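# Descriptive structure summary
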Amino acid sequence: MKAYWQLTLAQLRIFIRNKQVLFWTLAFPIFLMVVLGFTLGKGGGISVTVGVVDADKSPQSHELLSLLKKNKALSFEAKNTKEQAISSLKQGDLQIVLQIPKGYEERIKQKGAGSPFALPVYYDETNLTVSQVGQQLVNNAIDTISKKQTKYKPSVVIQPEGIESLHLSYIDFLVPGIVAMMILNNNMNGVAGQIASWRERGILRRMQGTMLKAHTFIAAQITARLVLNGLQALIVLGVARMVFGVAIRGSWLSVIAFVILGTLAFMAIGFIIAGIAKTPESAAPIAGFLSFPMLFLGGVFFPIKDMPDFLQPIIKLLPISHLSTALRETMNVGVSFASLGMEALILAGWLIIAFVIASITFKWE
Amino acid sequence: MKQAESMITVDSLVKRYGNFTAVNGVTFQVQKGEVFGLLGPNGAGKTTTLEMLVGLRKPEEGTAFIGSFNIRKELQKVKEVIGVQLQSTTLFELLTVEEILQMYGSFYPKHLPIAELIDDMILTEKRKSRIKSLSGGQKQRLAIALALVHDPWVIFLDEPTTGLDPQARRTLWDIVLKLKKRGKTIVLTTHYMDEAHVLCDRIAIMDRGELIALDTPETLVRNLHAASAISFSVSSEVDLNEWAKVEGVTKADCKEKEVVLYSDDLQLTLTSLIQTASERQIALEDLQTRTATLEDVFIHMTGRSLREE
Ligand SMILES: Nc1ncnc2c1ncn2[C@@H]1O[C@H](COP(=O)(O)OP(=O)(O)OP(=O)(O)O)[C@@H](O)[C@H]1O
Ligand SMILES: [Mg+2]
């Protein structure tokens, strides 16, 4: 335990004293964010138009619609028939179609009897990000209604004000991506480079001559890097907030949880690279070879949906895609941790597999 | 069987790298409280032997005991009682002397008071300096301090004085002798004969992975059967046998144009040498005589000088 604290402390001291690395690992993401934010940030906001087909035309359905309309991020277009609405959806005029079927009011009045009432929502699969944002907004409103109907405590009700201010621009999209990129770079590339060079210089070998255990060493590395990454992510988020007013809509805990998950997963991959690389000189190119495509494909700068179809299956396997998606959904839309279970699971899967491989391939020399 | 007093027992250790045998069946014992020197030319297998004893390389054959602990089976216990300074190590350069000692101390169940250790190693003024800024000698003393931090029984030093100026070497000698006085067992490798002579109780000479001699420095020199050495160089190569025929010569060595003759009767040999040289019209250059040393023992046994240029 003493060794663990001492090593963690030593690693943090090394981070802090390595002024240049400290500066550039922070300066680069902030620089990127500021440049891209000012050049691309203002235009190209996401607007969501919802087509509504109200077949019920009851007071209840009107209430639902009025609640939805409070949300300034959404604009509405009433459509008479479902077919009409769907064809507009296909042409891209609408992003989402919400159908309120006949009998909606009656079902609502039965108050939770039987299975919950399902409202059909149609969306454009080729434009996932926008339609997901839209769906989330619609869901929130519907949540509000259903909770009111079943007499939930009001404290659980999602505040519509939070949703009202949602006007997403590129910078909102970018900031979570930058945080994901930072986690990727600092951990995968950082660990690979550092461990490989420590090994080359015999630093690890000297420690192997002591009673220190490998797992203590690795645990201390992880702790120190988690602290450092957490702080760096905070600084970037702080700058984003002050300069561009980018806020976190979801829970901070959820953001922190994904920062931790991402850090662990990429660090484990970094340990593998350090194990494979024969020299520190080869560690950097290997890490670069892996991180470069991830940055472009994994939704850091460009939406994943803009990537070619044939790459989609690969992209869906990349840890960075899930980290950037999870951070984005939490920060931009305020999606809860529970509904990002898939992302968390895949990252955890990467983490576990990578750690198993890393602990097998880890060498002191 | 191990002797009661022996602190290190090495039993036919073998280390191979592919087809190459770096250490070929080395056997020796080191007594408690002894300073034991491993000498040998570059690539003789000194570092390899030492690193097998401290658990950093796995021997292919043979085994060794430190105290009663088997280096193959009880490595963790071995590590608790040994301290190592490796031939090539760097440390975390951004930490200070005090911090790194504190850190290494934490790797063991108990450690010496850090401040005292720093004073002992004459690093008091550098306590708060970063390792990056230390001189070669200071770094070396720090490396030894790290080896001592948990107060081990046995200390392994791999070329502790290589690359240091004479002053710094002497400082290190004092440290080693002080450790010996405290009853520590020390195994060290060196390329310096004077150092081996001053520090070591016994010396093992290694060459090409094998132990070729093991004794006290005095006995090794005595066994050379030559009190004096006569060295000179010649302008063209002469057959070694010619030199052996010179009167009084017990041994003759030559490496290209450098010749060393050993003799118990310096005057006789010198007279005979001059005669031979003028008869055959050989010009002797840089003619020198001196008392034979460990260096001569070494050159004679290995046919190589310790530090090959
Ligand atoms: N990891 C390795 N792989 C292959 N060969 C090795 C390895 N380590 C050492 N050797 C070889 O084993 C031999 C013995 O090396 P070792 O380092 O033990 O020599 P040494 O006596 O310490 O020499 P020096 O005085 O130069 O330090 C050398 O020929 C060296 O090239
Ligand atoms: Mg060596």
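Everything numeric in this text was worked out from a predicted model, so none of it was measured.

## Things to note about the site of ligand 1
All names here are of chain B. Taken together, 15 residues lie near ligand 1, and Asn42, Gly43, Lys46, Thr47 and Thr48 sit nearest. One of the backbone nitrogen or oxygen atoms of Ala44 is found 3.2 Å away from an oxygen atom of ligand 1. Note that an oxygen atom of ligand 1 is positioned 3.0 Å from one of the side-chain N or O atoms of Gln87. Protein contacts shield 65% of the accessible area of ligand 1, which totals 630 Å² for the unbound molecule. For the shell around ligand 1, the secondary structure elements donating two or more residues are strand E2 (20-31) and helix H1 (46-53). A per-element tally of the shell around ligand 1 places H1 first, with three residues. Residues of the shell around ligand 1, tallied by class, amount to five nonpolar, seven polar and three charged.

## Here we look at the pattern of salt bridges
Any two side chains of opposite charge can pair if their charged atoms end up close together. A full pass over the atoms with the stated rule returns 18 salt bridges over all chains. Salt-bridge contacts for Glu51 of chain B lead to Arg57 of chain B; the nearest nitrogen and oxygen are separated by 2.7 Å. Sharing partners across several salt bridges, the network here consists of Arg13 and Arg17 of chain A together with Glu99 of chain B.

## Some remarks on the sheet that holds strand E4 (residues 61-66) of chain B
Residues and elements named next belong to chain B. Taken together, the four strands give an open sheet; going across it, the order is E2-E1-E4-E5, and neighbouring strands pair in antiparallel fashion. Strand pairing shows two members of the sheet lacking a second neighbour, E2 and strand E5 (69-70), which therefore form its edges. Of the pairings in the sheet, the one linking E4 to E5 comprises two bridges and is antiparallel in character. Residue pairing for E5: Phe65 is matched across the bridge by Asn70. Helix-sheet contacts for H1 involve strand E1 (6-17), E2 and E4, and the interaxial angle to E1 is about 120 degrees.

## Focus: helix H2 (residues 19-40) of chain A
Residues and elements named next belong to chain A. A rise of 1.5 Å per residue sets the reference length of H2, with its 22 residues, at 32 Å; its end C-alpha atoms lie 31 Å apart and thus fit the reference within 8%. Every buried residue belonging to H2 is among Leu26, Ala27, Pro29, Ile30, Leu32, Met33, Leu36 and Gly37, and all of these are buried. The inward-facing, buried residues of H2 contact helix H8 (170-200) and helix H10 (214-244).

## Brief notes about the UniProt feature "domain: ABC transporter" (unreviewed entry) in chain B
Mapped onto the present numbering, the UniProt feature "domain: ABC transporter" (unreviewed entry) falls on residues 8-233 of chain B. Between the end C-alpha atoms of residues 8-233 of chain B the distance is 43 Å, and the span holds 33% helix and 30% strand.

## Some remarks on the interface of chain B and chain A
In many reports, interface size means the accessible area that the parts give up when they come together. At the junction of the two partners, chain B supplies 29 residues and chain A supplies 23 residues. Counting the surface lost from both chain B and chain A, the interface buries some 2,600 Å², and carbon and sulfur atoms represent 59% of this. Linking chain B with chain A are three salt bridges, by the criterion used here. Residue Arg17 of chain A is joined to Glu99 of chain B by a salt bridge in which the shortest nitrogen-to-oxygen separation is 2.7 Å. Linking chain B with chain A are eight residue pairs in polar contact (both at pLDDT 80 or more). Looking at the side of chain B that touches chain A, the element that brings in the most residues is helix H3 (residues 97-106) of chain B, giving six residues. Residue classes in the side of chain B that touches chain A are distributed as 14 nonpolar, eight polar and seven charged.

## Some thoughts on the nonpolar core
Within the largest apolar cluster, 155 residues are counted, with the highest numbers of intra-cluster contacts made by Met207, Phe217 and Phe301 of chain A together with Leu101 of chain B. Here this core gets 17 residues from one element, more than from any other, and that element is H8 of chain A. Setting aside residues no more than four positions away along its own chain, Leu101 of chain B makes contact with Ile114, Leu117, Ile118, Leu142, Ala145, Leu146 and Val149 of chain B.

## Re the coordination of the magnesium ion (ligand 2)
Summarising the metal site, the magnesium ion (ligand 2) is bound by the protein donors Thr47 of chain B (OG1) and Gln87 of chain B (OE1), whose distances to it range over 1.8 to 2.1 Å. Of this pair, Thr47 of chain B sits in helix H1 while Gln87 of chain B sits in the loop between strand E6 (82-85) and H3; the two residues are 40 residues apart in sequence, bridging distant segments of the chain.

## Considering the environment of Val239 of chain A
Residues and elements named next belong to chain A. Here Val239 lies in helix H10. Along the chain, Val239 and Ile30 lie 209 residues apart, while their C-alpha atoms are 7.7 Å from each other. Those residues in contact with Val239 that lie beyond four places of it in its chain are Ile30, Met33 and Phe244.

## Looking at the domain arrangement of chain B
Splitting chain B by domain gives domain 1 (6-220) and domain 2 (225-291). Placing the centre of domain 1 of chain B and that of domain 2 of chain B at their C-alpha centroids yields a distance of 39 Å.

About the cut-offs
- Residues numbered from 1 in each chain as written.
- Chains lettered and ligands numbered in written order.
- Predicted model: local features only at pLDDT ≥ 70, side-chain atom pairs only at ≥ 80, totals over all residues.
- Heavy atoms only, no water.
- Near = heavy atom within 4 Å.
- Polar contact = N/O pair within 3.5 Å; in protein donor to acceptor, adjacent residues only side chain to side chain.
- Areas by Shrake-Rupley, 256 points an atom, 1.4 Å probe, with all protein chains shown as cover.
- Helix = DSSP H or I, 4+ residues; strand = E, 2+ residues; numbered from the N terminus.
- Nonpolar A, V, L, I, M, F, W, Y, C, P; charged D, E, K, R; others polar.
- Salt bridge = Lys/Arg side-chain N within 4 Å of Asp/Glu carboxyl O.
- Pairing = 2+ DSSP bridges.
- Contact = heavy atoms within 4.5 Å.
- Axes fitted to C-alpha atoms, helices over the stretch in contact; angles between N-to-C directions.
- Expected span 1.5 Å × (residues − 1).
- Buried < 20%, exposed > 50% of the residue type's maximum accessible area, 1.4 Å probe, protein only.
- UniProt positions renumbered as here; feature names shortened; annotations may be inferred.
- Buried area = accessible area lost by both parts, 1.4 Å probe.
- Core = buried A, V, L, I, M, F, W, Y, C linked by side-chain atoms within 4.5 Å.
- Donors = N, O, S within 2.8 Å, 3.2 Å for Na, K, Ca; no water.
- Domains from an automatic or database assignment.

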